[in-house]
Amino acid sequence: PSGAAGSYRVAQIDDYRRLPRHCFRWQPPLTLSLTAQVSAADLPGTWGFGFWNDPFTLSLGAKGSARRLPVLPNAAWFFHASPPNYLSLRDDLPASGLLAAVFRSPLIPSLLLAPALIGLPLLAVPAAARCLRRIASSIIQQDTARLNVEVTRPHEYRLEWQPRFVRFYVDGEPLFETPLTPRGRLGLVIWIDNQYAAFTPEGRLGFGTLQNEASHLFVSKIHIE
């Protein structure tokens, strides 16, 4: 996709657009493998591939999509985030670059999360936002590693999701393993966009889109078993 700041652009393949979350297809044990490369190492925005529960969607069924409300995130994926993205709730984990990442959250129904919306205005106050970030990090577990990969060249990326661990490989070499595993049923997603989101240790919250003249994610040989 290409676009100016203020204009959101995304190219995405997924297998859950019309499904409620309880019908998402994927659970362990499974392995995802694919070959991928991007058109530049420093593309503004995010791109990646893996599995997640599409937690931030607010959809009422328009245009054939499933009706879904936001929930807490569960994911296992390769995720590239450019500055000013800051996608970690823990200060000791990397928050941008090419990441092998897992998020594990309680399976709390959307309606039970509604009272938390009362606290959203507090995010505008840095001291309160820092406190809320610490609370969120105790509820939403994560484990992440930054990978040193020349992303403009084609590589085989492989994600092995087992009940007791998630392991990430590039070109057959295991680069990261974590005992943290996502909960629930997840959907496959492969995407590239020009957006950013940040929740920094200083309590600064930001999101928006970035100037991106042209960007490409090339993916082939997708296999799940």
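The rules behind each value
- Residues numbered from 1 in each chain as written.
- Predicted model: local features only at pLDDT ≥ 70, side-chain atom pairs only at ≥ 80, totals over all residues.
- Heavy atoms only, no water.
- Helix = DSSP H or I, 4+ residues; strand = E, 2+ residues; numbered from the N terminus.
- Buried < 20%, exposed > 50% of the residue type's maximum accessible area, 1.4 Å probe, protein only.
- Polar contact = N/O pair within 3.5 Å; in protein donor to acceptor, adjacent residues only side chain to side chain.
- Contact = heavy atoms within 4.5 Å.
- Pairing = 2+ DSSP bridges.
- Axes fitted to C-alpha atoms, helices over the stretch in contact; angles between N-to-C directions.
- Salt bridge = Lys/Arg side-chain N within 4 Å of Asp/Glu carboxyl O.

Undergrad: Got a minute to help me understand the side chain of Asn85 in this structure?
TA: With respect to the element layout, Asn85 can be found in the loop between β6 (75-81) and β7 (97-104). For Asn85, a relative accessible area of 5% corresponds to the buried category. Here Ser82 takes part through its backbone oxygen, which lies 2.8 Å from a polar atom of the side chain of Asn85. In terms of polar contacts, Asn85 uses its side chain to reach the backbone amide nitrogen of Ala197, at 2.8 Å. For Asn85, the residues in contact, after removing those within four places along its chain, are Gly45, Thr46, Ala95, Ser96, Gln195, Tyr196, Ala197 and Ala198.

Undergrad: What is the right way to look at the sheet that holds strand β10 (residues 165-170) in this model?
TA: Strands pair in a sheet through their backbones, by hydrogen bonds, and they do so in one of two ways: parallel or antiparallel. The sheet built from five strands is open, its strands ordered β11-β10-β9-β2-β15 with antiparallel pairing. The outermost strands of the open sheet, each flanked by one partner alone, are β11 (173-178) and β15 (217-224). Each adjacent strand pair in this sheet contributes to an overall mean axis angle of 20°, direction not counted. Bridge count between strand β2 (residues 30-38) and strand β9 (residues 155-162): seven bridges; the pairing is antiparallel. From the neighbouring strand, Thr35 faces β9, where its bridge partner is Glu156.

Undergrad: How should the pairing of β10 be read in this particular structure?
TA: When a strand is regular, its side chains alternate between the sheet's two faces. Extensive coverage of β10 is indicated by the burial of six of its six residues. On β10, burial covers both faces: Phe165, Arg167 and Tyr169 on one face and Val166, Phe168 and Val170 on the other are all buried. Note that β9 and β10 share six bridges and pair antiparallel. Looking across to β10, one finds that Gln162 is bridged to Phe165. Linking two consecutive strands that pair antiparallel, namely β9 and β10, is a turn of two residues. Looking at chain direction, β10 and β11 are connected through five bridges and run antiparallel. Bridge assignment links Tyr169 to a residue of β11, and that residue is Pro174.

Undergrad: Where do I start with the pattern of salt bridges in this structure?
TA: Side chains that differ in sign of charge can pair as their charged atoms come close. In the structure shown here, the tally under the stated rule is seven salt bridges. A salt bridge links Glu177 to Arg167, with the shortest nitrogen-to-oxygen separation between them at 2.8 Å. With Glu177 in strand β11 and Arg167 in strand β10, the pair connects residues that are ten residues apart, well separated along the chain. The class of Glu177 is partly exposed, set by a relative accessible area of 43%. In this structure, Arg204 engages Glu202 in a salt bridge whose closest nitrogen and oxygen atoms are separated by 3.8 Å. Among the residues examined, Arg204 registers a relative accessible area of 54% and is labelled exposed. Taking relative accessible area as the criterion, Glu202 reaches 41% and is therefore assigned partly exposed.

Undergrad: Would you take a moment to explain the environment of Asn212 for this structure?
TA: Here Asn212 shows up in the loop between β14 (205-209) and β15. Sequence spacing of Asn212 and Asp193 is 19 residues, and the spatial spacing of their C-alpha atoms is 9.0 Å.

Function-wise, these values are silent; they only describe arrangement.
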